[in-house]
There are 2 protein chains.
Amino acid sequence: MQPLFDYLAANEQRHIAQLCDYVRFPSVSAQAAHAGDLKRCAEWLAGHCRGIGLEARLFPTKGNPILVARTPRPKAARKGRRHYIVYGHYDVQPPEPLDLWRTKPFEPTIVGRRLYGRGASDNKGQNFAHLKGVEAYLKTGTELPCDITFVIEGEEEVGSSSLAGFLKARRKELACDAVVISDTGIPSLRHPALTYGLRGIAALEVRVDGPSRDLHSGIYGGSLDNPAMVLSQILARMKDARGRVTIPGFYDDIAPLTAYERKQLARLPFDAAAYRKFLGVPALNGEKGFTPIEQRSARPTFEINGLTSGYQGQGSKTIVPAWASAKITLRLVPGQKPSKILRAAADWIRKVAPPTVKVTVDPGHSGDPYLVSPTGPLAQAGLRALEQAFGHAPFLMREGGSIPIVNDFKRILNADTLLLGLALPDDNLHSPNEKFDLDCFTRGTRMSALLWKELASGVTR
Amino acid sequence: MQPLFDYLAANEQRHIAQLCDYVRFPSVSAQAAHAGDLKRCAEWLAGHCRGIGLEARLFPTKGNPILVARTPRPKAARKGRRHYIVYGHYDVQPPEPLDLWRTKPFEPTIVGRRLYGRGASDNKGQNFAHLKGVEAYLKTGTELPCDITFVIEGEEEVGSSSLAGFLKARRKELACDAVVISDTGIPSLRHPALTYGLRGIAALEVRVDGPSRDLHSGIYGGSLDNPAMVLSQILARMKDARGRVTIPGFYDDIAPLTAYERKQLARLPFDAAAYRKFLGVPALNGEKGFTPIEQRSARPTFEINGLTSGYQGQGSKTIVPAWASAKITLRLVPGQKPSKILRAAADWIRKVAPPTVKVTVDPGHSGDPYLVSPTGPLAQAGLRALEQAFGHAPFLMREGGSIPIVNDFKRILNADTLLLGLALPDDNLHSPNEKFDLDCFTRGTRMSALLWKELASGVTR
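Source: prediction; values computed, not measured. Residue positions are given per chain, counting from 1 as you read along its sequence in written order. Ligands are numbered from 1 and chains lettered from A, in the order in which they are written. Local features in this predicted model are restricted to residues of pLDDT 70 or higher, and side-chain atom pairs are both shown and tallied only at a pLDDT of 80 or more, whereas totals for entire chains, interfaces and linings draw on every residue.

### So, the overall build of chain A
- Numbering of helices and strands runs from the N terminus; a helix is a DSSP stretch of H or I covering at least four residues, while a strand is a stretch of E covering at least two. What chain A contains, in helices and strands, is 13 helices and 18 strands.
- Computation of the radius of gyration draws on C-alpha atoms, with the globule rule given as 2.2 Å multiplied by the number of residues to the power 0.38. Here chain A has a C-alpha radius of gyration of 25 Å; the compact-globule value for 461 residues is 23 Å, and the two agree.
- Along the first, second and third principal axes, the C-alpha set of chain A runs to 85 × 50 × 45 Å.
- Whether two residues are in contact depends on their C-beta atoms, placed from the backbone: they are in contact if these lie within 7 Å. In chain A, the proportion of contacts linking residues at least 24 apart, taken out of those at least 6 apart, comes to 79%.

### Quick notes on the sheet that holds strand 14 (residues 358–367) of chain B
- When DSSP locates at least two bridges between a pair of strands, those strands are taken to pair. Strand order in the open sheet formed by eight strands is 14(A)-9(A)-13(A)-11(A)-11(B)-13(B)-9(B)-14(B), and the pairing between neighbours is antiparallel. One side of each edge strand has no neighbouring strand; the edge strands of this open sheet are strand 14 (358–367) of chain A together with strand 14 of chain B. Taken over all neighbouring pairs, the strand axes of this sheet differ in orientation by 20° on average, direction set aside. Every axis corresponds to a line fitted to the C-alpha atoms, with the helix fit spanning only the stretch in contact, and the corresponding angles, defined between N-to-C directions, vary from 0 to 180 degrees.

### Observations regarding the relation of the copies chain A and chain B
- Rotating chain A by 179° and translating it 0.1 Å along the rotation axis places it on chain B, where the RMSD comes to 0.2 Å. Such a combination of rotation and displacement between the chain copies is what one expects of a two-fold axis. Considering only C-alpha atoms, the part of chain A nearest the rotation axis is S232 of chain A, at 2.2 Å.
- Of the residues that chain A buries at the interface, 100% are likewise interface residues in chain B, meaning the two copies contact each other through the same surface. Superposing copies: least-squares fit, C-alpha atoms only, residues required to have pLDDT of at least 70 in both.

### Some details on the interface of chain A and chain B
- Of the residues lining the interface, 67 residues belong to chain A; the matching set on chain B comes to 67 residues.
- Ranked by the residues each element gives to the side of chain A that touches chain B, the list is headed by strand 11 (residues 301–310) of chain A, at nine residues.

### Quick notes on helix 10 (residues 338–352) of chain A
Residue and element names in this part refer to chain A.
- For helix 10, which comprises 15 residues, the first-to-last C-alpha distance of 21 Å matches the rise-based estimate of 21 Å (1.5 Å per residue) to within 8%.
- Field definition: a residue is buried when 20 or more other C-beta atoms are found within 10 Å of its C-beta, exposed when 12 or fewer are, and partly exposed for counts in between, with C-beta atoms placed from the backbone. Of the residues making up helix 10, those classed as buried are I341, L342, A345, W348 and I349. The arc enclosing the buried residues of helix 10, seen along the axis, measures out at 135°, which places them on a common side. Exposed residues on helix 10 whose side chains face more than 90 degrees from its buried face are S339 and K351. Here the expected span of a helix is defined as 1.5 Å times the quantity of residues minus one. Starting at the helix axis, one direction is taken to each C-beta atom, and the arc is that of these directions.

### Observations regarding unusual backbone geometry
All names here are of chain B.
- For the bond running from E96 to P97, omega is 0°, close enough to zero to count as cis.
- As for its position among the elements, P97 is in the loop between strand 3 (83–89) and strand 4 (109–111).
- D122 connects to N123 through a cis peptide bond whose omega is 15°.
- Even without glycine at this site, H430 takes up a positive phi of about 65°.

### Section: the sheet that holds strand 4 (residues 109–111) of chain A
Residues and elements named next belong to chain A.
- Taking strand neighbours across the sheet as the criterion, the three strands line up as 4-5-18 in an open arrangement whose pairing is antiparallel. The open sheet has two free edges, formed respectively by strand 4 and strand 18 (435–437), since each of these has just one partner strand. For this sheet the average axis-to-axis angle between neighbouring strands, irrespective of direction, equals 25°.
- Along the sheet, helix 4 (residues 120–140) contacts strand 5 (114–116) and strand 18; its crossing angle with strand 18, the most-contacted strand, is approximately 40°.

### Some words on the pairing of strand 16 (residues 395–399) of chain A
All names here are of chain A.
- Judged by how many residues are buried, strand 16 sits mostly within the fold: five of five residues are covered.
- Relative to strand 16, strand 8 (residues 193–198) is paired through five bridges, and the arrangement is parallel. Looking at strand 16, one finds that G197 is bridged to R398.

### Structural notes on the domain arrangement of chain A
Residue and element names in this part refer to chain A.
- Once the domains are mapped, chain A shows domain 1 (2–198 + 369–458) and domain 2 (200–254 + 300–367).
- Where each domain begins and ends is defined by an automated method or by a domain database. Relative to domain 2, the C-alpha centre of domain 1 lies at a distance of 40 Å.
- Domain 1 puts seven residues into the contact, and the matching count from domain 2 is eight residues.
- Looking at the side of domain 1 that touches domain 2 residue by residue, the class counts come to three nonpolar, four polar and no charged. When residues are sorted by character, Ala, Val, Leu, Ile, Met, Phe, Trp, Tyr, Cys and Pro go into the nonpolar class, Asp, Glu, Lys and Arg into the charged class, and all the rest, Gly among them, into the polar class.

### Let's talk about the packing of helix 1 (residues 2–10) of chain A against helix 4 of chain A
Residue and element names in this part refer to chain A.
- It is at 9 Å that the axes of helix 1 and helix 4 come closest, and there the two elements cross at 115°. With respect to their mutual orientation, helix 1 and helix 4 come out roughly perpendicular. Helix 1 and helix 4 meet at a crossing whose hand is right-handed. Contacts from P3, L4, Y7 and L8 in helix 1 reach K132, A136, Y137, K139 and T140 in helix 4.
- Taken together, the residues of the contact of helix 1 with helix 4 sort by class into six nonpolar, one polar and two charged. By definition in this entry, angles of less than 35 degrees are roughly parallel, angles greater than 145 are roughly antiparallel, angles of 65 to 115 are roughly perpendicular, and the rest are oblique. Handedness of a crossing follows from how the near helix is turned relative to the far one, being left-handed for an anticlockwise turn of less than a right angle and right-handed for a clockwise one.

### Quick notes on the pairing of strand 7 (residues 178–181) of chain A
Residue and element names in this part refer to chain A.
- Alternating residues of strand 7 divide into A178 and V180 and V179 and I181, and every residue in both groups is buried.
- Bridge count for strand 3 (residues 83–89) against strand 7 is four bridges, and the pairing is parallel. By the bridge assignment for strand 7, Y84 is matched with A178.
- Pairing between strand 7 and strand 17 (residues 416–419): four bridges, direction parallel. Following the sheet pairing, A178 is matched in strand 17 by D416.

As structure tokens, this is what we get:
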């Protein structure tokens, strides 16, 4: 690997300058005015890939083009040679509110080892690190132990609406052994980490209808159930005193955290007092028997996202409101099936509801939880690459959020995903003053270079 | 009384035509454009009073003038001659939405025995009936057994903001034995009724603050309490399975319903199925051990008027909301003190709240409950007048709403109020197609004539 590392070290400044060129495109997918910038960014990226030695092509979509860039297939490639996809996105979040930025969002600015700019960390810097890791092979004439295809899209920040169709249409040429994504975070440079689990999600809306219109609370109040009270009573019954969700069967299918996983999660740096202060709450609270890290990443939740009923303006209005509603999302963990949970939740809500009102449960969007075995060969290869690149023993972690594209890759290509995030907690993703740590970038380029060797050697089919 | 009844019968058509003139004024106090109409209506009414033989005067206020019209005091009036106030209001609710009216709101239209027009029932027709009852004495030369002062204001529909100050300033000349108000309802022409009790009110707002801003429910959810869930849990604890409010001491000071009262309330016509259908609820429900009539008029309530938290738009937003709030009003019954109940409610809410959030309880407006002894001489005089005027045994009822001016009369003039409503349940008060039943009007004129005799003879000081 030394020639690769030497190449990366020798070309670091040039690579950083190229990353700045990449970040300079205001490729804001949420804003129609930037459609041209997205196209120019994709074309620049395709040209850059060709310059490295990749076979690059832009595929138009109803939205922004998808870049596909492959390593050239060696003439003497043996049958069964492995193929990995690196997924990333070149579109970025809107930069607003602009007045909170200390630098201009699309004028990349380096301060010490920090590169400031919208998209520097999410996700341009992270996918660019992989391009540079592969470039090291191609430019030093080192043989790649596998085929690699970059799939870099331009609609991630607006729901990746073209990606699944694209994967389906090109299912054959995109058939692969695994997908590698660097679009998550690590606790610090001294705590490189592999994210091996994601929570799923299931959304629903509960509506309680009482009287046919708002009623005078003086004239009628007392003789009928108040829909806002009934809704409160229903919601209160959804969790018990130990912080557990009461929906029958809710925990039945959950793959329990193994002793190994709990030990790994316990190794993650966590300061409860600092975390409490960061959230701004008087005290933390969650499911009894689990640590806050487990509660927020490896345990399911029942979360009310919004409540609506009756009068919400200034002062008071003396009514029994006609209806009340709650928006709810449940975060699910590996083993739980969103459709089954949604059914069980709806049944339970209807069961605890009194016959004095009409209760409607409306299921919404959902996404499966995701888990790659932390002890399997894929994860182990990632951990080895991380350790060598960062010079610290890596951590295993789960993230509490959901990354729907991971399920698309699984469903359409039957490919597992390795989540090797390079973002730091203070990277200000989706916020003003986004930055990418250049040490994360250089370690990321080395991690990528190492990864292909580790994947090709360590993973048995 | 026969000459009085003969006078009223002989002049019925003329009186109805005068009432139409009264209703024709668009005296909408909520709409600034009608300020001139209110003034003209008050002047017309003052002139009408003078024509009857009353000493009438308009008192300007910051809003609309208050009419004071007194019966002429006889030269030979003995010391201790009784004095009663008849309270009413000449302002009306806005007529909107206009497209739902079948007649023009300010073109009084008679269909059969119904007089359609905004304000016909609330309150012009009802206070006009008293004017005609007194007119019968004055025009037939029948000696009035007491002094009567009409106080008819023009701001009732916008909060009677000038009235309390006016009563205070003229406390001496308005000193009286009781106040008579016809501004409530009766079940039907065959069920004349005296309202002897009103509920009080106490408003409060509860706010639960959790994290310092809306949090990503995936990244953080599970490790902190959700303010919307905590609010639901607090609210759910405010009532028990028997529909009783759980605030400690809530029921302690309530004057229990006597066997006589319960028997009287049970005599009121009530069709539970029709009532349920009218409210539009699948089933009625209230405090166990009480009838719906008792629940809605003679028992206290804890009513949520509004709920607000997090995201309320279309679709979903995956957040742990920073805060949640509820608007609440409690209806109180005789014996309960709003200030004491508000303190107990705030203490209880803070006590059941977990230490994981910040809970704020904000007390709002309040009003005392009201009760006149249904067996006392004042009520009995009213019942006798009702029975003779309507030709049916009258009922005793309570109303669940609050009429703040009743407490003003008690507090400032130390006078009890006799509530002798003439409105029918289908009079469409505050709604399109308001009407007043002309049989209610003619019976009301007779009731008024009878009342002064019954009050003067029956009530001992």
